[in-house]
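Summary of structural features
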Amino acid sequence: MHFMNEFRADLHCHSSFSDGSCSPKQILALAKEKGLAGISITDHDTLSAYDEAIPLAKEAGINLLPGIEFSTDFKGHSIHVLAYSFQVSNEHITKFCQKHHLRREERNQNILDRLAKHHMPIKYEEMKATFPLASDNIGRPHIAYMMQQKGYVKDFDEAFKKYIGDGKACHSFGKPFTIEETLDVIHQANGYAIIAHPHLIRNKKILNHLLKMNFDGIEVFYATFPPHHNAEWIKIAQQKNWIHTGGSDFHGDFKPTLGLGSSWVGEETFHMLEKKYKQNCEL
Ligand code: AMP
Ligand code: ZN
Ligand code: FE
Ligand code: FE
(Lines give C-alpha, C1' and ligand atoms only; values in the text may rest on other atoms or scores of the structure.)
(Ligands and ions follow the chains in the order given, each with its own letter.)
Protein backbone atom coordinates (compact mmCIF):
# COMPACT_ATOMS: atom_id res chain seq x y z
CA MET A 1 0.00 0.00 0.00
CA HIS A 2 1.57 3.29 -0.99
CA PHE A 3 -0.35 6.53 -1.32
CA MET A 4 2.06 9.08 -2.70
CA ASN A 5 -0.49 11.87 -2.48
CA GLU A 6 -1.43 11.23 1.09
CA PHE A 7 0.06 13.70 3.60
CA ARG A 8 2.36 11.79 5.92
CA ALA A 9 4.63 13.16 8.63
CA ASP A 10 7.04 10.97 10.61
CA LEU A 11 7.33 12.54 14.07
CA HIS A 12 10.02 10.33 15.59
CA CYS A 13 13.53 9.75 14.28
CA HIS A 14 17.14 10.06 15.42
CA SER A 15 20.10 11.67 13.67
CA SER A 16 23.82 11.16 14.21
CA PHE A 17 23.66 13.98 16.79
CA SER A 18 22.28 11.24 19.07
CA ASP A 19 22.14 7.51 18.39
CA GLY A 20 21.09 7.56 14.74
CA SER A 21 23.55 6.87 11.93
CA CYS A 22 22.26 9.45 9.41
CA SER A 23 23.10 13.14 9.34
CA PRO A 24 20.15 15.58 9.23
CA LYS A 25 20.91 16.02 5.52
CA GLN A 26 20.64 12.28 4.88
CA ILE A 27 17.41 12.07 6.91
CA LEU A 28 15.83 14.88 4.88
CA ALA A 29 16.93 13.26 1.60
CA LEU A 30 15.41 9.98 2.77
CA ALA A 31 12.20 11.76 3.81
CA LYS A 32 11.98 13.28 0.33
CA GLU A 33 12.58 9.89 -1.28
CA LYS A 34 9.83 8.32 0.85
CA GLY A 35 7.38 11.08 -0.07
CA LEU A 36 7.04 12.39 3.49
CA ALA A 37 5.49 15.87 3.68
CA GLY A 38 6.63 16.47 7.24
CA ILE A 39 9.15 15.28 9.78
CA SER A 40 10.38 15.86 13.31
CA ILE A 41 13.92 14.90 14.30
CA THR A 42 13.62 13.76 17.91
CA ASP A 43 17.16 13.17 19.12
CA HIS A 44 17.71 12.05 22.70
CA ASP A 45 18.13 15.12 24.93
CA THR A 46 19.61 17.38 22.24
CA LEU A 47 18.51 19.85 19.57
CA SER A 48 21.88 19.96 17.82
CA ALA A 49 20.43 18.60 14.56
CA TYR A 50 18.28 21.69 14.04
CA ASP A 51 21.03 24.17 13.10
CA GLU A 52 21.66 22.09 10.03
CA ALA A 53 18.15 20.72 9.54
CA ILE A 54 16.16 23.98 9.47
CA PRO A 55 17.74 25.52 6.32
CA LEU A 56 17.98 22.11 4.61
CA ALA A 57 14.29 21.35 5.20
CA LYS A 58 13.34 24.71 3.74
CA GLU A 59 15.44 23.97 0.66
CA ALA A 60 13.92 20.50 0.28
CA GLY A 61 10.35 21.74 0.80
CA ILE A 62 9.78 19.46 3.78
CA ASN A 63 7.84 20.71 6.81
CA LEU A 64 10.15 20.36 9.79
CA LEU A 65 8.56 20.39 13.25
CA PRO A 66 10.91 20.91 16.22
CA GLY A 67 10.94 17.89 18.50
CA ILE A 68 13.05 16.05 21.05
CA GLU A 69 12.95 12.80 23.02
CA PHE A 70 13.81 13.37 26.67
CA SER A 71 15.19 10.60 28.89
CA THR A 72 13.53 10.32 32.27
CA ASP A 73 13.66 7.90 35.13
CA PHE A 74 10.67 6.45 36.91
CA LYS A 75 11.77 4.33 39.89
CA GLY A 76 14.72 2.84 38.04
CA HIS A 77 12.96 2.43 34.70
CA SER A 78 13.89 4.50 31.63
CA ILE A 79 10.83 6.34 30.34
CA HIS A 80 11.00 8.44 27.18
CA VAL A 81 9.03 11.64 26.80
CA LEU A 82 8.60 13.26 23.40
CA ALA A 83 8.14 17.02 23.10
CA TYR A 84 7.02 19.06 20.12
CA SER A 85 6.15 22.57 18.99
CA PHE A 86 8.50 24.56 21.26
CA GLN A 87 10.81 27.11 19.71
CA VAL A 88 14.27 25.61 19.09
CA SER A 89 16.02 28.47 20.91
CA ASN A 90 13.68 28.33 23.93
CA GLU A 91 15.80 28.89 27.02
CA HIS A 92 13.98 26.36 29.25
CA ILE A 93 14.55 23.60 26.72
CA THR A 94 18.14 24.57 25.85
CA LYS A 95 19.11 24.80 29.53
CA PHE A 96 17.57 21.40 30.16
CA CYS A 97 19.55 19.94 27.23
CA GLN A 98 22.72 21.32 28.78
CA LYS A 99 21.85 19.62 32.09
CA HIS A 100 21.29 16.36 30.22
CA HIS A 101 24.70 16.76 28.59
CA LEU A 102 26.34 16.99 32.04
CA ARG A 103 24.26 14.07 33.30
CA ARG A 104 25.40 11.92 30.37
CA GLU A 105 29.07 12.83 30.80
CA GLU A 106 29.00 11.65 34.40
CA ARG A 107 26.85 8.62 33.74
CA ASN A 108 28.88 7.47 30.72
CA GLN A 109 32.07 7.72 32.74
CA ASN A 110 30.44 5.54 35.44
CA ILE A 111 29.42 2.96 32.85
CA LEU A 112 32.92 2.91 31.32
CA ASP A 113 34.47 2.50 34.79
CA ARG A 114 32.20 -0.47 35.45
CA LEU A 115 32.98 -2.03 32.08
CA ALA A 116 36.70 -1.63 32.77
CA LYS A 117 36.25 -3.46 36.08
CA HIS A 118 34.60 -6.26 34.09
CA HIS A 119 37.69 -6.39 31.80
CA MET A 120 36.04 -4.54 28.93
CA PRO A 121 37.99 -1.27 28.73
CA ILE A 122 36.79 1.44 26.32
CA LYS A 123 38.44 4.85 26.07
CA TYR A 124 35.86 7.64 26.24
CA GLU A 125 37.93 9.76 23.84
CA GLU A 126 38.09 6.96 21.29
CA MET A 127 34.31 6.55 21.42
CA LYS A 128 33.80 10.31 20.99
CA ALA A 129 36.14 10.30 18.00
CA THR A 130 34.20 7.38 16.50
CA PHE A 131 30.94 9.35 16.78
CA PRO A 132 32.02 12.98 16.32
CA LEU A 133 28.54 14.50 15.89
CA ALA A 134 27.25 12.73 18.99
CA SER A 135 30.39 13.39 21.04
CA ASP A 136 28.50 15.72 23.43
CA ASN A 137 25.66 13.29 23.69
CA ILE A 138 27.01 9.74 23.82
CA GLY A 139 24.39 7.10 24.61
CA ARG A 140 24.33 3.43 25.46
CA PRO A 141 23.96 2.35 21.81
CA HIS A 142 27.36 3.97 21.13
CA ILE A 143 28.82 2.06 24.06
CA ALA A 144 27.23 -1.17 22.77
CA TYR A 145 28.79 -0.49 19.36
CA MET A 146 32.26 -0.10 20.89
CA MET A 147 31.76 -3.29 22.95
CA GLN A 148 30.91 -5.17 19.77
CA GLN A 149 33.83 -3.62 17.84
CA LYS A 150 36.25 -4.71 20.52
CA GLY A 151 34.86 -8.22 20.53
CA TYR A 152 33.54 -8.03 24.11
CA VAL A 153 30.04 -9.03 22.95
CA LYS A 154 28.70 -10.54 19.75
CA ASP A 155 25.90 -8.00 19.28
CA PHE A 156 23.89 -5.12 20.84
CA ASP A 157 21.45 -7.50 22.40
CA GLU A 158 24.18 -9.22 24.38
CA ALA A 159 25.65 -5.86 25.45
CA PHE A 160 22.31 -4.68 26.84
CA LYS A 161 21.10 -8.01 28.25
CA LYS A 162 24.31 -8.82 30.07
CA TYR A 163 25.90 -5.50 30.90
CA ILE A 164 24.37 -2.10 30.12
CA GLY A 165 20.59 -2.61 30.05
CA ASP A 166 18.51 -1.01 32.84
CA GLY A 167 19.52 -2.58 36.14
CA LYS A 168 22.40 -4.69 34.72
CA ALA A 169 25.86 -4.90 36.28
CA CYS A 170 27.57 -2.14 34.27
CA HIS A 171 24.66 0.27 33.93
CA SER A 172 24.53 3.51 35.81
CA PHE A 173 21.68 5.98 35.83
CA GLY A 174 23.79 8.85 37.11
CA LYS A 175 21.44 11.55 38.34
CA PRO A 176 18.44 11.26 36.06
CA PHE A 177 15.50 13.65 35.76
CA THR A 178 11.97 12.79 36.79
CA ILE A 179 9.00 12.76 34.48
CA GLU A 180 7.47 15.65 36.46
CA GLU A 181 10.53 17.88 36.01
CA THR A 182 10.56 17.07 32.32
CA LEU A 183 6.87 17.89 31.86
CA ASP A 184 7.41 21.21 33.65
CA VAL A 185 10.23 22.20 31.29
CA ILE A 186 8.21 21.26 28.20
CA HIS A 187 5.19 23.21 29.42
CA GLN A 188 7.31 26.24 30.39
CA ALA A 189 8.40 26.23 26.75
CA ASN A 190 4.75 26.05 25.70
CA GLY A 191 5.39 22.72 23.98
CA TYR A 192 3.38 19.50 23.88
CA ALA A 193 4.51 16.56 26.04
CA ILE A 194 3.81 13.11 24.65
CA ILE A 195 4.22 9.60 26.12
CA ALA A 196 6.69 7.90 23.76
CA HIS A 197 6.11 4.34 22.47
CA PRO A 198 3.64 3.08 25.11
CA HIS A 199 3.83 -0.18 23.14
CA LEU A 200 7.20 -0.85 24.79
CA ILE A 201 6.06 -0.27 28.38
CA ARG A 202 5.31 -3.76 29.63
CA ASN A 203 4.80 -2.84 33.28
CA LYS A 204 1.11 -1.93 33.69
CA LYS A 205 1.71 -0.10 36.99
CA ILE A 206 4.12 2.29 35.28
CA LEU A 207 1.74 2.78 32.41
CA ASN A 208 -1.19 3.54 34.72
CA HIS A 209 0.96 6.04 36.54
CA LEU A 210 1.91 7.78 33.29
CA LEU A 211 -1.71 7.93 32.18
CA LYS A 212 -2.57 9.96 35.27
CA MET A 213 0.14 12.53 34.59
CA ASN A 214 -0.01 15.89 32.89
CA PHE A 215 0.78 14.75 29.33
CA ASP A 216 -0.81 16.29 26.22
CA GLY A 217 -0.68 13.23 24.04
CA ILE A 218 0.48 9.70 23.40
CA GLU A 219 2.43 8.10 20.55
CA VAL A 220 -0.24 5.75 19.23
CA PHE A 221 1.39 4.91 15.88
CA TYR A 222 4.82 3.47 16.46
CA ALA A 223 7.54 1.90 14.33
CA THR A 224 6.33 -1.23 12.54
CA PHE A 225 3.60 -2.18 15.02
CA PRO A 226 0.56 -3.23 12.98
CA PRO A 227 -2.76 -1.33 13.34
CA HIS A 228 -4.37 -3.77 15.80
CA HIS A 229 -1.57 -2.94 18.25
CA ASN A 230 -2.42 0.74 18.03
CA ALA A 231 -6.13 0.36 18.80
CA GLU A 232 -5.53 0.23 22.56
CA TRP A 233 -3.59 3.50 22.47
CA ILE A 234 -6.02 5.23 20.16
CA LYS A 235 -8.82 4.40 22.59
CA ILE A 236 -6.87 5.86 25.51
CA ALA A 237 -6.01 9.00 23.55
CA GLN A 238 -9.66 9.49 22.66
CA GLN A 239 -10.84 8.97 26.23
CA LYS A 240 -8.38 11.53 27.51
CA ASN A 241 -8.80 13.90 24.61
CA TRP A 242 -5.05 13.64 24.06
CA ILE A 243 -3.13 14.27 20.85
CA HIS A 244 -2.41 11.12 18.79
CA THR A 245 1.15 11.22 17.50
CA GLY A 246 3.19 8.69 15.56
CA GLY A 247 6.56 7.99 14.06
CA SER A 248 9.08 5.36 13.05
CA ASP A 249 11.82 5.81 15.69
CA PHE A 250 14.25 5.52 12.78
CA HIS A 251 17.88 5.14 13.95
CA GLY A 252 19.56 4.15 10.64
CA ASP A 253 22.17 1.41 11.10
CA PHE A 254 21.69 1.43 14.87
CA LYS A 255 18.28 -0.24 14.38
CA PRO A 256 18.42 -1.46 10.77
CA THR A 257 14.96 -3.03 10.70
CA LEU A 258 13.18 0.30 11.24
CA GLY A 259 12.64 2.35 8.10
CA LEU A 260 11.92 6.08 8.05
CA GLY A 261 8.19 6.67 7.55
CA SER A 262 7.12 3.25 8.89
CA SER A 263 4.66 5.13 11.12
CA TRP A 264 3.35 8.63 10.63
CA VAL A 265 0.59 11.17 11.35
CA GLY A 266 -1.73 12.83 8.87
CA GLU A 267 -2.24 16.44 7.90
CA GLU A 268 -4.66 17.37 10.67
CA THR A 269 -2.35 16.35 13.53
CA PHE A 270 0.74 17.77 11.89
CA HIS A 271 -0.86 21.14 11.23
CA MET A 272 -2.15 21.34 14.79
CA LEU A 273 1.38 20.79 16.14
CA GLU A 274 2.85 23.17 13.56
CA LYS A 275 0.32 25.87 14.44
CA LYS A 276 1.48 25.80 18.07
CA TYR A 277 5.10 26.00 16.90
CA LYS A 278 4.34 29.05 14.76
CA GLN A 279 2.57 30.72 17.69
CA ASN A 280 5.63 30.07 19.86
CA CYS A 281 7.86 31.66 17.25
CA GLU A 282 5.77 34.82 17.29
CA LEU A 283 5.85 35.24 21.08
P1 AMP B 1 20.69 6.07 26.85
O2 AMP B 1 19.76 7.18 26.47
O3 AMP B 1 22.11 6.41 26.60
O4 AMP B 1 20.44 5.56 28.23
O5 AMP B 1 20.41 4.84 25.85
C6 AMP B 1 19.09 4.40 25.69
C7 AMP B 1 18.89 3.85 24.31
O8 AMP B 1 19.47 2.56 24.24
C9 AMP B 1 17.43 3.65 23.97
O10 AMP B 1 16.89 4.77 23.34
C11 AMP B 1 17.46 2.49 23.01
O12 AMP B 1 17.65 2.96 21.69
C13 AMP B 1 18.68 1.71 23.43
N14 AMP B 1 18.33 0.53 24.23
C15 AMP B 1 17.85 0.49 25.48
N16 AMP B 1 17.65 -0.78 25.89
C17 AMP B 1 18.04 -1.57 24.85
C18 AMP B 1 18.09 -3.00 24.64
N19 AMP B 1 17.72 -3.86 25.61
N20 AMP B 1 18.54 -3.44 23.43
C21 AMP B 1 18.93 -2.56 22.48
N22 AMP B 1 18.89 -1.22 22.61
C23 AMP B 1 18.46 -0.73 23.79
ZN1 ZN C 1 17.71 6.00 20.48
FE1 FE D 1 12.57 6.01 22.84
FE1 FE E 1 13.43 7.24 19.88
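Structural data are supplied above this passage.
Predicted, not measured: the structure shown is a model, and the values here were computed from it.

Tallied over the entire structure, the rule returns 8 aromatic pairs. Arranged with centres 5.9 Å apart and planes meeting at 45°, the rings of Phe 131 and Phe 254 form a pair that is tilted. Remark: Phe 254 occurs in the loop between strand S8 (243-247) and helix H10 (267-282) and Phe 131 occurs in the loop between helix H4 (124-130) and helix H5 (140-149); sequence separation between them is 123 residues. Summarising the burial analysis for this pair, Phe 131 and Phe 254 share the class buried. With 6.3 Å between their ring centres and 65° between their planes, Phe 215 and Trp 242 make a pair best called edge-to-face. A residue pair is termed long-range when its members are at least 10 positions apart, and Phe 215 in the loop between helix H8 (204-211) and strand S7 (217-222) and Trp 242 in the loop between helix H9 (227-240) and S8 qualify at 27 residues. Among the residues examined, Phe 215 registers a relative accessible area of 4% and is labelled buried. Here the aromatic cluster, defined as three or more aromatic residues joined through ring pairs, consists of Phe 131, Tyr 145, Phe 156 and Phe 254.

Binding of the iron ion (ligand 4) to the protein goes through His 12 (NE2), His 14 (NE2), Glu 69 (OE) and Asp 249 (OD), at separations of 2.1 to 2.2 Å. Coordination geometry of the iron ion (ligand 4): the 4 donor atoms subtend angles of 78 to 165° at the metal centre, consistent with an arrangement described as irregular. Within one chain, the residues donating to the iron ion (ligand 4) are spaced in sequence as H-x1-H-x54-E-x179-D. Taken as an interatomic distance, the gap from the iron ion (ligand 4) to the zinc ion (ligand 2) is 4.5 Å. Highlighted residues: His 12 in the loop between strand S1 (9-10) and helix H1 (24-33) and Glu 69 in strand S4 (residues 67-74), separated in sequence by 57 residues. Both residues of the pair, His 12 and Glu 69, belong to the buried class.

Protein-derived coordination of the zinc ion (ligand 2) comes from Asp 19 (OD), Asp 19 (OD), His 44 (NE2) and His 251 (NE2), at a distance range of 2.0 to 2.6 Å. Every donor counted, the 4 donor atoms about the zinc ion (ligand 2) form angles of 52 to 132° at the centre, which fits irregular coordination. On the primary sequence, the residues serving as donors to the zinc ion (ligand 2) are separated as D-x24-H-x206-H. A distance of 5.7 Å spans the gap from the zinc ion (ligand 2) to the iron ion (ligand 3). Residue Asp 19 is located in the loop between S1 and H1, and its partner His 44 is located in the loop between strand S2 (38-39) and helix H2 (49-60); the two are separated by 25 residues in the primary sequence. In terms of burial, Asp 19 and His 44 fall into one category: buried.

A few words on H8. Taken together, the buried positions of H8 are occupied by Ile 206, Leu 207, Leu 210 and Leu 211. The buried side chains of H8 occupy one side of the element, clustering within an arc of 135° when seen end-on. Packing partners of the buried residues in H8 comprise S4, strand S5 (77-84), helix H7 (179-188), strand S6 (192-195), S7 and H9. Its side-chain oxygen placed 2.9 Å from the backbone nitrogen of Lys 205, Asn 203 serves as the N-cap of H8.

Conventions adopted
- Residues numbered from 1 in each chain as written.
- Chains lettered and ligands numbered in written order.
- Predicted model: local features only at pLDDT ≥ 70, side-chain atom pairs only at ≥ 80, totals over all residues.
- Heavy atoms only, no water.
- Phe/Tyr/Trp six-rings, centres within 6.5 Å; stacked < 30°, edge-to-face > 60°.
- Helix = DSSP H or I, 4+ residues; strand = E, 2+ residues; numbered from the N terminus.
- Buried < 20%, exposed > 50% of the residue type's maximum accessible area, 1.4 Å probe, protein only.
- Donors = N, O, S within 2.8 Å, 3.2 Å for Na, K, Ca; no water.
- Tetrahedral: all angles 85-135°; square planar, octahedral: opposite > 155°, others 65-115°.
- Arc of directions from axis to C-beta.
- Contact = heavy atoms within 4.5 Å.
- Polar contact = N/O pair within 3.5 Å; in protein donor to acceptor, adjacent residues only side chain to side chain.

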